[in-house]
Amino acid sequence: MKRDLIVGRMQPVHKGHLNVIQETLDEVDELIIGIGSAEKSHRLSNPFTGGERVLMLTKALREYDIDPSKYYIIPLEDIACNSLWVGHVKMLTPPFRKVISGNALVKQLFAEENIPHKQPHLFNREEYSGTEVRRRILNNEDWQSLLPKSVVKVIEEIKGIERIRNIAQKEVSEIAYEKKTNQN
Ligand code: ATP
Ligand code: MG
């Protein structure tokens, strides 16, 4: 059984994730999709909860007509010790052959446990990136075209845009402090 693992925070799920999932599914029997930093939410760099990201991914995979018997979606919480993280991931996931990730730390930690790594082929990385999606949301630019339609719907359902804009607002005291330090 060829079963691989792909890991990403997916804040939010975007077309790059779907492209790499589709491409990988052509090469394997089953794919485990690990949602990283699952416990984090309500921060500008991690706005959505693990559960909201499970919802985005489930709807997007359905929109792309991907056979549900081919994948497992597993939320992966961070742990304090990087050196123990691979064991933590193995505890939570079905057995897998190799890991697919563009993240240098993920690559390093799996290599130290002798688990093979594959660098994914990148799709339109300038635009299909979580950082770019969050930047566009904050700047009122077109973010919708970077996401599957079903993910846009989920973000609307959970009032995600309002959340991101609200948490980006600074407190009056912070603005006053910045003004003061800029003058000095
Ligand atoms: P962020 O900017 O928030 O870090 P991201 O776009 O890098 O978001 P992650 O949630 O960090 O996405 O997921 C990272 C993994 O998803 C990568 O290691 C890679 O495997 C895959 N991935 C992300 N974007 C693309 C893309 N455009 N093409 C192919 N794979 C991608
Ligand atoms: Mg990333």
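Being a predicted model, the structure only gives us computed values, none of them experimental. (Residues numbered from 1 in each chain as written. Chains lettered and ligands numbered in written order. Predicted model: local features only at pLDDT ≥ 70, side-chain atom pairs only at ≥ 80, totals over all residues. Heavy atoms only, no water.)

*Asks:* For this particular structure, what's the right way to read the sheet that holds strand β2 (residues 30-35)?
*Replies:* The strands that make up a sheet pair up through hydrogen bonds in the backbone, lying either parallel or antiparallel. Taken in spatial order, the five strands of this open sheet run β3-β2-β1-β4-β5, and their pairing is parallel. Only two strands of the sheet have a single neighbouring strand rather than two, namely β3 (71-75) and β5 (117-118). As defined by bridge partners, strand β1 (residues 3-8) adjoins β2 across six bridges and the pair is classed as parallel. Looking at the pairing, G8 lines up with I35 of β2. Seen against the sheet, helix α1 (residues 15-25) touches β1, β2 and β4 (99-100) and runs at an angle of roughly 155° to β2. (Pairing = 2+ DSSP bridges. Helix = DSSP H or I, 4+ residues; strand = E, 2+ residues; numbered from the N terminus. Contact = heavy atoms within 4.5 Å. Axes fitted to C-alpha atoms, helices over the stretch in contact; angles between N-to-C directions.)

*Asks:* Quick question: what am I supposed to make of the side chain of T93 here?
*Replies:* Mapping T93 onto the fold places it in the loop between α3 (85-92) and β4. Within polar-contact distance, the side chain of T93 engages the backbone oxygen of V89 at 2.8 Å. (Polar contact = N/O pair within 3.5 Å; in protein donor to acceptor, adjacent residues only side chain to side chain.)

*Asks:* Sorry if this is basic, but what is going on with the nonpolar core here?
*Replies:* One recurring pattern in soluble globular proteins is that nonpolar side chains are buried together. Core analysis: the largest hydrophobic core is formed by 33 residues, its most contacted members being I33, L57 and L61. Counting only elements with at least two residues in this core, the list comes to α1, β2, α2 (50-63), β3, α5 (130-138), α6 (149-157) and α7 (160-168). The contacts of L61, once residues within four sequence positions are left out, are L18, I21, I33, I66, Y71 and I73. Grouped together as the second largest cluster of nonpolar side chains are 14 residues, L5, L76, V89 and F110 included. (Core = buried A, V, L, I, M, F, W, Y, C linked by side-chain atoms within 4.5 Å. Buried < 20%, exposed > 50% of the residue type's maximum accessible area, 1.4 Å probe, protein only.)

*Asks:* Would you mind showing me how to read the packing of α2 against α6 here?
*Replies:* Helix-helix packing is characterised by the crossing angle of the two axes and by the distance between the axes. Packing of α2 against α6 brings their axes to within 8 Å, and their N-to-C directions diverge by 150°. In terms of orientation, α2 and α6 fall into the roughly antiparallel class. Here α2 runs over α6; the crossing is right-handed. The segment α2 lies against α6, with E52, L55, M56, K59, A60 and E63 engaging K149, S150, V151, V154, I155 and E157. Broken down by class, the residue content of the contact of α2 with α6 amounts to six nonpolar, one polar and five charged. (Parallel < 35°, antiparallel > 145°, perpendicular 65-115°, else oblique. Left-handed = near helix turned anticlockwise from the far one by under 90°. Nonpolar A, V, L, I, M, F, W, Y, C, P; charged D, E, K, R; others polar.)

*Asks:* Explain α2 to me, please; I cannot follow it from the model alone.
*Replies:* The periodicity of an α-helix, 3.6 residues per turn, causes residues three or four positions apart to be oriented the same way. For α2, which comprises 14 residues, the first-to-last C-alpha distance of 20 Å matches the rise-based estimate of 20 Å (1.5 Å per residue) to within 8%. By the burial criterion, the buried members of α2 are G50, E52, R53, M56, L57, A60 and L61. For α2, the angular spread of the buried residues around the axis is 160°, confining them to a single face. Exposed and oriented more than 90 degrees from the buried face of α2 are G51 and R62. Looking at the buried residues of α2, the elements they touch are α1, β2, β3, α6 and α7. One or two positions beyond α2, positive phi appears at D65, with a value near 60°. (Expected span 1.5 Å × (residues − 1). Arc of directions from axis to C-beta.)

*Asks:* Is there a simple way to think about the pattern of salt bridges in this case?
*Replies:* Where charged atoms of side chains with opposite charge meet at close range, the side chains can pair. Counted by the stated rule, this structure contains eleven salt bridges. Close ionic contact of R3 with E30 constitutes a salt bridge, the shortest N to O distance being 2.8 Å. With a gap of 27 residues between them, R3 in strand β1 and E30 in strand β2 connect regions that are remote in the sequence. On the basis of relative accessibility, which here comes to 11%, the residue E30 falls in the buried class. Close ionic contact of E132 with R136 constitutes a salt bridge, the shortest N to O distance being 2.8 Å. Pair noted here: E132 and R136 are both in helix α5, with a separation of four residues, about one helical turn. Residues participating in the shared-partner salt-bridge network are E127, E132, R135, R136 and E141. (Salt bridge = Lys/Arg side-chain N within 4 Å of Asp/Glu carboxyl O.)

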